[in-house]
Amino acid sequence: MRNQENWKSSKYIYKKDKLIASRDPKEVSIGSRLIADLTADSYHRNLRQHAKGTLLDLGCGKVPLYAAYREFVTDNICVDWGNTFHKNEYLDYELDLTKNLPFGDGEFDTIILSDVLEHIPVPEQLWKEMARILSKNGKIIMNVPFYYWLHEQPHDYYRYTEFALRRFVEISGLRLIQLEPIGGAPEVMADIFSKNILRLPTIGRSLALFAQWLTSSFITTKFGKKVSEATSDNFPIGYFLIAEKPE
């Protein structure tokens, strides 16, 4: 990563040794705070176990996960494309992710693809390339939204079910290690409510904050966790996936 010494946290921050969404509304809007917290938790729990070696951060933006993986890898290469809304000084390569990538076969031990796949108009090509440049026993660690609003328009093309994600892994010759839904119906309803209530003048921000806090508190209770898990199969707010390239 270029200019590592200048890197600073953006979308995700550490608080009490836990990765969470930034509370700066310029980095994470109030309406997206809940899903960002849930996604951060998935990466916090899994990067320490699965990230290793030379890491490729595809569609890296401001490299928000750098602090979460840097101590587990030997090097990180940052890639984004020219039409991103997150231009920054950390890029090693500015590339079109729908085309062949200028890397050698088996060059990377870990690939991060965070909130990126929905913005790729030709996903099969990217999966083919990721499988090619991934080393044997190397892993792809990624997340995608599902019940989530359109964002970074007009470059928001797809929402993927777990079955589509399984298919991508299979046709790429990879092995699925983990595929779990992020959130369920309570989180989806809170996300939709918060994003829309923000439009109200004066009280919108307070109501959105309250809805996010209330839902976060609810899903930590025994009953709330049960409701979230019971509804996550049909109403996930997103997915978290880890795939491995077999020997």
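Everything discussed here concerns the structure shown above.
As a starting point, this report considers the structure included with it. Note that the structure is predicted; figures quoted are calculated from it, not measured.

Regarding unusual backbone geometry
- In this structure, Pro-154 follows Gln-153 across a cis peptide bond, with omega equal to 10 degrees.
- Locating Pro-154 in the fold gives a position in the loop between β7 (134-145) and α4 (162-171).
- With phi around 55 degrees, Asn-3 is a residue other than glycine that occupies positive phi space.
- In this fold, Asn-3 is placed in the segment before β1 (12-15).
- The residue Asn-137 is not glycine, and still its phi comes out positive at about 70 degrees.
- With respect to the secondary-structure elements, Asn-137 resides in strand β7.
- You can call Asn-137 partly exposed: its relative accessible area is 24%.

Observations regarding the packing of helix α5 (residues 185-197) against helix α7 (residues 222-231)
- Interhelical geometry of α5 versus α7 gives an angle of 90 degrees and a closest axis separation of 7 Å. Classed by the angle they form, the pair α5 and α7 counts as roughly perpendicular. Seen from α5, the contacting residues are Ala-185, Pro-186 and Glu-187; seen from α7, they are Val-227, Ser-228 and Thr-231.
- Class assignment of the residues belonging to the contact of α5 with α7 gives a composition of 3 nonpolar, 2 polar and 1 charged.

A few points about α4
- Within α4 the residues assigned to the buried category are Glu-162, Leu-165, Phe-168 and Val-169. Summarising the axial view, the buried residues of α4 lie within an arc of 120 degrees, below the 170-degree limit, and thus occupy one face. Pointing more than 90 degrees away from the buried face of α4 are the exposed residues Phe-163 and Glu-170.
- Just downstream of α4 lies Gly-173, where phi reads positive at about 75 degrees.

Criteria and thresholds
Residues numbered from 1 in each chain as written. Predicted model: local features only at pLDDT ≥ 70, side-chain atom pairs only at ≥ 80, totals over all residues. Heavy atoms only, no water. Helix = DSSP H or I, 4+ residues; strand = E, 2+ residues; numbered from the N terminus. Buried < 20%, exposed > 50% of the residue type's maximum accessible area, 1.4 Å probe, protein only. Axes fitted to C-alpha atoms, helices over the stretch in contact; angles between N-to-C directions. Parallel < 35°, antiparallel > 145°, perpendicular 65-115°, else oblique. Contact = heavy atoms within 4.5 Å. Nonpolar A, V, L, I, M, F, W, Y, C, P; charged D, E, K, R; others polar. Arc of directions from axis to C-beta.

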